[in-house]
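Next come the chains, spelled out residue by residue.
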Amino acid sequence: VQLQASGGGLAQAGGSLRLSCAASGSILRINVMGWYRQNPGKQRELVAVITSDDSANYADSVKGRFTISRDNAKNQVSLQMNSLKPEDTAVYYCYAVLKPYGSTWSTDWGQGTLVTVSS
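My aim in this report is to walk through the structure given alongside it, one point at a time. (Residues numbered from 1 in each chain as written. Predicted model: local features only at pLDDT ≥ 70, side-chain atom pairs only at ≥ 80, totals over all residues. Heavy atoms only, no water.)

**Describing the state of the cysteines**
This structure, assessed with the given rule, holds one disulfide. One disulfide bridge connects Cys 21 with Cys 94, the sulfur atoms lying 2.0 Å from each other. The S-S bond linking Cys 21 to Cys 94 shows a torsion near 55°; that makes this disulfide right-handed. Placement of the pair is Cys 21 in strand β3 (residues 17-24) and Cys 94 in strand β9 (residues 90-100), with a sequence separation of 73 residues. An identical accessibility class is assigned to Cys 21 and Cys 94; each is buried. (Disulfide = S-S within 2.5 Å. Helix = DSSP H or I, 4+ residues; strand = E, 2+ residues; numbered from the N terminus. Buried < 20%, exposed > 50% of the residue type's maximum accessible area, 1.4 Å probe, protein only.)

Spelled out as structure tokens, the structure:
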């Protein structure tokens, strides 16, 4: 199983970016998918999470600005980030709680994608 994230980059404050993450491999089922972010020297922060029935939750810092969505047919999760702020600058990691064929439930992580927001 592999999670591949894409879409990071540089944006100006007030701008938008969209992150995507696709899970591939012999996956039987995916429960929760989501995004964390981390800056050097700081703890990883949960940004947004979405369940298999599209129930979403967000960190207070991104509510009203970020939208998480998923495509269950493609095993993909996306994060639309609008009204970006310099404090949104971080490495963003996608994750999925999933069950591969013939194995137990596990939490898998993408490789991280850098988002930089300039003021």
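**Examining the sheet that holds strand β7 (residues 66-71)**
Judged by pairing direction, the sheet is antiparallel, and its four strands sit side by side in the order β1-β3-β8-β7 without closing on themselves. Looking along the sheet, the strands with just one partner apiece sit at the ends: β1 (2-6) and β7. On average, each strand axis in the sheet is tilted by 15° relative to the strand beside it, whichever way the strands run. Summarising the sheet, β1 and β3 pair through five bridges and their orientation is antiparallel. Considered in β3, the bridge of Ala 5 is made with Cys 21. (Pairing = 2+ DSSP bridges. Axes fitted to C-alpha atoms, helices over the stretch in contact; angles between N-to-C directions.)

Functional significance is not addressed by these values, which are geometric in nature.
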